[in-house]
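Results of the structural survey
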Amino acid sequence: MMATPHMLAGAAIGRRLRWPWLAWPAAFGAHFLLDLTPHLDEHALLGAASRGPTAAEAAAGILNLVLGCVLVGWLARGQPDRRVVIGGGIFGILIDVVEWVPFLGPWFLTWPGTAWLSEFHHAFQHNLSPSQWPLGVGTQAAIVVLSLVVLLPRRLAPSNAVGEGDC
């Protein structure tokens, strides 16, 4: 799954759970659940089957990560729970970032203390082929919309102009 849906879902979890000690592990765990949903990612669209990331795949991944960071930051601005929301966004994408950062990834993938987590992460992903793009994009769009419903500020009641409704 692409970074932005993971980050927005993690941020939404942060908004709802409100306590970092609960929200951040839940956002991290939600990453694995989201990877169970059928989805497309940069590798399926731009990668090569038998080797590491291509330049186009890496560029798309970085741009998607930046988009997710900008959206989470914008949605958290001025909110009293912004620290938990931003942390949820970070924890929602953390495992992917750790696996793809050049100086951390090789160590994370091979060290016995963390290699099991990477294997677990990739064992059940439901990656689709580009020919299945309607489903692969649709599931991610649904996650983004549901996350935005939680993250966007809502007015509980319409505001009245000065003097309206006064007796």
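The structure this text deals with has already been given above.
Quantities reported herein were computed from a predicted structural model and do not represent experimental measurements. (Residues numbered from 1 in each chain as written. Predicted model: local features only at pLDDT ≥ 70, side-chain atom pairs only at ≥ 80, totals over all residues. Heavy atoms only, no water.)

1. Considering the pattern of salt bridges
Under the criterion given, the structure shown has one salt bridge. With its nearest N and O atoms 2.8 Å apart, the salt bridge here joins Asp-81 to Arg-15. Here Asp-81 is found in the loop between helix H4 (55–76) and helix H5 (82–100), whereas its partner Arg-15 is found in helix H1 (residues 3–17), with 66 residues between them in sequence. Arg-15 gets classed as buried once you look at its relative accessible area, which sits at 9%. (Salt bridge = Lys/Arg side-chain N within 4 Å of Asp/Glu carboxyl O. Helix = DSSP H or I, 4+ residues; strand = E, 2+ residues; numbered from the N terminus. Buried < 20%, exposed > 50% of the residue type's maximum accessible area, 1.4 Å probe, protein only.)

2. Description of the packing of aromatic side chains
A full pass over the atoms with the stated rule returns seven aromatic pairs. Ring centres 5.0 Å apart and planes at 65 degrees place the aromatic pair Phe-120 and Phe-124 in the edge-to-face group. The class of Phe-124 is partly exposed, set by a relative accessible area of 22%. Taken together through their ring pairs, the aromatic side chains of Phe-28, Phe-32, Phe-120 and Phe-124 make up a single cluster. (Phe/Tyr/Trp six-rings, centres within 6.5 Å; stacked < 30°, edge-to-face > 60°.)

3. With respect to H5
Two residues of an α-helix separated by three or four positions point the same way, owing to the 3.6 residues in each turn. Over its 19 residues, H5 extends 26 Å from the first C-alpha to the last, a length consistent with the 27 Å expected when each residue adds 1.5 Å. Within H5, the axis deviates most sharply at Leu-94, by approximately 55 degrees. Those residues of H5 that are buried lie in contact with H1, helix H2 (20–36), H4, helix H6 (105–110), helix H7 (112–123) and helix H8 (133–151). (Expected span 1.5 Å × (residues − 1). Bend = angle between axes of the 7 residues up to and from the residue. Contact = heavy atoms within 4.5 Å.)

4. Focus on the nonpolar core
Formed by Ala-3, Met-7, Leu-8, Ala-11, Ala-12, Val-72, Leu-75, Ala-76, Val-85, Ile-93, Val-150 and Leu-151, the largest nonpolar core amounts to 12 residues. Breaking this core down by element, the ones donating at least two residues are H1, H4, H5 and H8. Element by element, the count of residues in this core is highest for H1, at five residues. Those residues in contact with Ala-3 that lie beyond four places of it in its chain are Asn-64, Leu-65 and Ile-93. Ranked by size, the runner-up nonpolar core spans five residues in total, among them Phe-32, Ile-95, Val-98 and Phe-108. (Core = buried A, V, L, I, M, F, W, Y, C linked by side-chain atoms within 4.5 Å.)

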